[in-house]
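# Remarks on the overall topology
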Amino acid sequence: RLIAYRNYCFAFCVALPHVAGGVSLGSFAFIAPACLHNERIIRHEVDGHTVDSKIFGPLYLFIIGIPSLTHLLLHKPAENYDNFYTERWANRHAGLQ
């Protein structure tokens, strides 16, 4: 189900079991159904990480994607998650800081 459109991004709702937020790849943001009403998460993915993807192009996975996933796996989400550079940049692009 298409939930949002920006000049550069499509956001789709897909079932992401065991994920409490979303994932962005290129121009696509995949938002967990449980988060469809959480504007902060949607903006973080749609207006944040997709902008990173446009800035870094093919390097996005190495500069943002892999470090972000590694940080998520190594830390509890509530443990300064937004302070990590990948999340801080996405929040800044989305106007959440």
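Keep in mind it's a predicted model, so treat the numbers as computed, not measured. (Residues numbered from 1 in each chain as written. Predicted model: local features only at pLDDT ≥ 70, side-chain atom pairs only at ≥ 80, totals over all residues. Heavy atoms only, no water.)

## Regarding the side chain of Asp52
Let me state the cut-off plainly: Helix numbering and strand numbering both begin at the N terminus, where a helix is a DSSP run of H or I of at least 4 residues and a strand a DSSP run of E of at least 2. Partly exposed describes any residue whose relative accessible area lies between the buried limit of under 20% and the exposed limit of over 50%, with all areas from a 1.4 Å probe on protein chains only and scaled to the type maximum. Only four residue types enter the charge count: Lys and Arg as positive, Asp and Glu as negative, with His and the chain ends excluded. Here a salt bridge means any side-chain nitrogen of Lys or Arg lying within 4 Å of a carboxyl oxygen belonging to Asp or Glu. Whether two residues touch is decided by their heavy atoms; if any such pair falls within 4.5 Å, the residues are in contact.
Tracing the chain through its elements places Asp52 in helix H1 (residues 39-56). Comment: no salt bridge for buried Asp52; closest opposite-charge side chain is Arg92, at 8.2 Å. Every residue in contact with Asp52, bar those within four places of it in the chain, is listed here: Gly57, Tyr60, Ile64, Thr86, Trp89, Ala90 and His93.

## Re the environment of Ala94
When you line up the elements, Ala94 lands in the segment after helix H3 (85-93). The sequence separation of Ala94 and Glu45 amounts to 49 residues, and the corresponding C-alpha distance is 8.3 Å. Every residue in contact with Ala94, bar those within four places of it in the chain, is listed here: Arg43, His44, Asp47 and Gly48.

## Points about the nonpolar core
Our working definition: Put simply, buried Ala, Val, Leu, Ile, Met, Phe, Trp, Tyr and Cys residues joined by side-chain atoms within 4.5 Å make one nonpolar core.
In terms of nonpolar packing, the biggest core is built from 8 residues, these being Ala29, Ile31, Ala32, Cys35, Leu36, Ile41, Ile42 and Val46. Elements that contribute at least two residues to this core include exactly strand E4 (28-31) and H1. Here this core takes 3 residues from H1, the largest share from any one element. Residues contacting Ile41, with those up to four places away along its chain left out, are Ala20, Gly21, Gly22 and Cys35.

## Concerning the pattern of salt bridges
Counted under the stated rule, the structure contains 2 salt bridges. A salt bridge links Asp82 to Arg40, with the nearest nitrogen and oxygen atoms 3.9 Å apart. With Asp82 in the loop between helix H2 (60-74) and H3 and Arg40 in helix H1, this pair connects stretches of sequence that are 42 residues apart. According to the relative accessible area criterion, Asp82 is partly exposed, its value standing at 34%.

## Details of H2
Test applied: Here the expected span of a helix is defined as 1.5 Å times the quantity of residues minus one.
The end-to-end C-alpha distance of H2 is 20 Å, a good match for the 21 Å that 15 residues give at a rise of 1.5 Å each. Buried residues belonging to H2 abut strand E3 (22-25), H1 and H3.

## A closer look at a nonpolar patch on the surface
Put simply, the rule is: Excluding any residue in a salt bridge, patches collect residues exceeding 30% relative accessible area, merging like charges within 9 Å and nonpolar Val, Leu, Ile, Met, Phe, Trp and Tyr side chains within 5 Å. Calculation of accessible area relied on Shrake-Rupley with a 1.4 Å probe; when residues are assessed, cover is drawn exclusively from the protein chains displayed.
On the surface, Val23, Leu25, Leu59, Leu61, Phe62 and Ile66 cluster together into a nonpolar patch covering about 570 Å² of accessible area. For the nonpolar patch, the elements supplying multiple residues, two or more each, are E3 and H2. Of all the elements, H2 adds the most residues to the nonpolar patch, at 3 residues.

Any link to function would need more than the numbers given here.
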